[in-house]
Amino acid sequence: MILVTKPFLPPIDEYQQYVQGIWQRQWLTNNGPLVNELELKLKEYLDVPHLLFLTNGTIALQIAIKALELQGEIITTPFSYVATTSSIVWEGCKPVFVDIDKDTLNIDPTKIEAAITDNTSAILATHVFGNPCDIDAIDAIAKKHNLKVIYDAAHCFGTKYKGKSVFAHGDISTVSFHATKLFHTTEGGAVFTNDSELLKKMAFMRNFGHNGPDDFAEIGINGKNSEFHAAMGLVNLKYIDQILAKRKAISLYYDKALQNLRVKHIKINSDVEFNYAYYPIVFDNEKDTLEYIEILNAHWIYPRRYFYPSLTSLKYVGEQNATLGDSISKRVICLPVYHTLSNEEIDFIARILLRKQNN
């Protein structure tokens, strides 16, 4: 069986060494020493000034929206995971969808200004599959119209834009450290900002607003993460360069094996150092997509329709249209990518796809 992904797991003895320390200290959560160590090492590795380790990537989005005190309408993409949109609605705002670019599958900045109204407070853009948006264009629009910018960078660990971590952009960037992600802490996420005061505000928010045992500086939520999750992150961080190199090798091997398959691939900006977190392919129509999935499944290969369905179909967003985003969501799949995927398995996947095409 070849699944769409498998979590990277480090040598168990390395993780157990951290667990033994947790047992000795009996400090399991509430901003423990491993959480602090992970935050420091992540800042150093990513070369970013500020970050907070959180429960998950969805809490990261919710805290970002709350910390920026957003109200009214937030312009966003219809082609993302549901958490991007549900977080907007959860925080009492209205998502306004702007269609995507046909090549990058990210929000199309040339269509953003037409969606701005007097009620617009921010742009929440997803770097789809770890492929950065047109950051310069989005930031210029935001400055022109005095809007805040949140980047949902859930897939972006290791991605750089113009030589800097993609997390260094926007008012706030968020990331997921879920087990399926390239870098994971089993469950987890983070927020990034260049604004020290905004970071302080979010730090209060992730811990119920506590400013000491008897004072509360902000409205808060339980967004903390545990020592056990931090331990997994600390071990995995030792292997991150190896993980990134393996992902790149897998993607390049797919490129060669599938060079004769009639599908579309996403376009990566020349200013980007890509992390190869996913391997999406786009078919001509939904019928072909479903037929290719069926034949792969028949051979115990399980790609994923990611992202499907389009977020315009959500019951709680009102009637909205995004012609290209809706179409792409019906025609895209992500092929298996994980650290232990072999070239022989990629060849097997490629043979099945090409045989189906040529029959």
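Residues numbered from 1 in each chain as written. Predicted model: local features only at pLDDT ≥ 70, side-chain atom pairs only at ≥ 80, totals over all residues. Heavy atoms only, no water.

A. Local environment of the pairing of strand E8 (residues 172–176). Judged by how many residues are buried, E8 sits mostly within the fold: 5 of 5 residues are covered. Where strand E5 (residues 148–152) and E8 come together, 3 bridges link them in parallel fashion. Bridged to Tyr151 within E8 is Ser173. As judged from the 4 bridges shared by E8 and strand E9 (residues 189–192), these two strands associate in the antiparallel manner. Across the sheet, Ser176 pairs through a bridge with Gly189, a residue of E9. (Buried < 20%, exposed > 50% of the residue type's maximum accessible area, 1.4 Å probe, protein only. Helix = DSSP H or I, 4+ residues; strand = E, 2+ residues; numbered from the N terminus. Pairing = 2+ DSSP bridges.)

B. Geometry of the environment of Pro303. As for its position among the elements, Pro303 is in the loop between helix H9 (286–298) and helix H10 (323–331). With 24 residues separating them along the chain, Pro303 and Tyr279 place their C-alpha atoms 9.9 Å apart. Residues within four places of Pro303 in sequence aside, it is in contact with Val4, Ile293, Leu296, Asn297, Ile333, Cys334 and Leu335. (Contact = heavy atoms within 4.5 Å.)

C. Summary view of the sheet that holds E9. Read across the open sheet, the 7 strands follow the order E1-E9-E8-E5-E4-E2-E3; overall the sheet is mixed. Each having just a single partner strand, strand E1 (51–54) and strand E3 (94–97) make up the two edges of the open sheet. Taken pair by pair, the neighbouring strands of this sheet meet at an average axis angle of 20°, ignoring direction. In the sheet, strand E2 (residues 73–76) pairs with strand E4 (residues 120–126) via 4 bridges, with the strands oriented parallel. (Axes fitted to C-alpha atoms, helices over the stretch in contact; angles between N-to-C directions.)

D. Quick peek at the nonpolar core. One finds Phe129 and Phe167 to be the most contacted residues of the largest nonpolar core, which totals 68 residues. The element that contributes the greatest number of residues to this core is helix H7 (residues 227–237), accounting for 6 residues. Ala257, Tyr292, Ile301 and Leu353 belong to the second-largest nonpolar core, a separate cluster that totals 25 residues. (Core = buried A, V, L, I, M, F, W, Y, C linked by side-chain atoms within 4.5 Å.)

E. Structural view of helix H3 (residues 57–67). Burial analysis of H3 places 9 of its 11 residues in the buried class, which makes it a mostly covered element. Three or more residues of H3 are buried, namely Gly57, Ile59, Ala60, Leu61, Gln62, Ile63, Ala64, Ile65 and Ala67. Its side-chain oxygen at 3.1 Å from the backbone nitrogen of Thr58, Asn56 defines the N-terminal cap of H3. After H3 finishes, the residue Glu69 shows a positive phi value of roughly 55°. (Polar contact = N/O pair within 3.5 Å; in protein donor to acceptor, adjacent residues only side chain to side chain.)

F. Here's a closer look at the pairing of E5. Judged by how many residues are buried, E5 sits mostly within the fold: 4 of 5 residues are covered. The pairing of E4 with E5 spans 5 bridges and is parallel. Following the sheet pairing, Ile123 is matched in E5 by Val149. The handedness of the E4 to E5 crossover, carried by helix H5 (residues 135–145), is right-handed. (Right-handed = clockwise from strand over helix to strand, strands pointing away.)

G. Main features of the pattern of salt bridges. On inspection of all chains with the given rule, the structure shows 12 salt bridges. Lys162 is the partner of Asp136 in a salt bridge, and the nearest nitrogen-oxygen pair spans 2.4 Å. Of the two residues, Asp136 sits in helix H5 while Lys162 sits in the loop between strand E6 (160–161) and strand E7 (164–165), which places them 26 residues apart along the sequence. In this structure Asp136 comes out as partly exposed when scored by relative accessible area, which is 36%. (Salt bridge = Lys/Arg side-chain N within 4 Å of Asp/Glu carboxyl O.)

H. Quick look at unusual backbone geometry. Residue Phe307 is reached from Tyr306 by a cis peptide bond, and omega for that bond is 15°. You can see Phe307 is positioned in the loop between H9 and H10. Looking along the chain, the bond that leaves Tyr308 and enters Pro309 is cis, with omega of -5°. Summarising the element assignment, Pro309 is placed in the loop between H9 and H10. Of note in this structure, Phe129 is not a glycine but carries a positive phi near 55°. With respect to the helices and strands, Phe129 occurs in the loop between E4 and H5. For Phe129, a relative accessible area of 0% puts it in the buried group.

I. Spotlight on the state of the cysteines. Throughout the structure, instances matching the rule amount to 0 disulfides. For the unlinked cysteine Cys93, the closest cysteine sulfur is that of Cys133, found at 19 Å. In this model Cys133 remains outside any disulfide bridge; the closest cysteine sulfur is found in Cys156, 8.1 Å from its own. (Disulfide = S-S within 2.5 Å.)

J. Structural context of H7. Counting buried positions along H7 gives 9 out of 11 residues, so the element sits mostly inside the fold. When H7 is considered as a whole, its buried residues turn out to be Glu227, Ala230, Ala231, Met232, Gly233, Leu234, Val235, Asn236 and Leu237. In this structure, the buried residues of H7 make contact with helix H1 (12–25), helix H2 (33–46), E1 and helix H8 (240–257). For H7, the capping residue at the N-terminal end is Ser226, with a side-chain oxygen 3.3 Å from the backbone nitrogen of Phe228.

K. Main features of the side chain of Gln357. Locating Gln357 in the fold gives a position in helix H11 (residues 343–358). Judged by relative accessible area, which is 13%, Gln357 ranks as buried. Among the polar contacts made by the side chain of Gln357, one reaches the main-chain carbonyl oxygen of Asn260 at a distance of 3.0 Å. Excluding anything up to four places from it in sequence, Gln357 contacts Asn260, Leu261, Arg262 and Tyr292.

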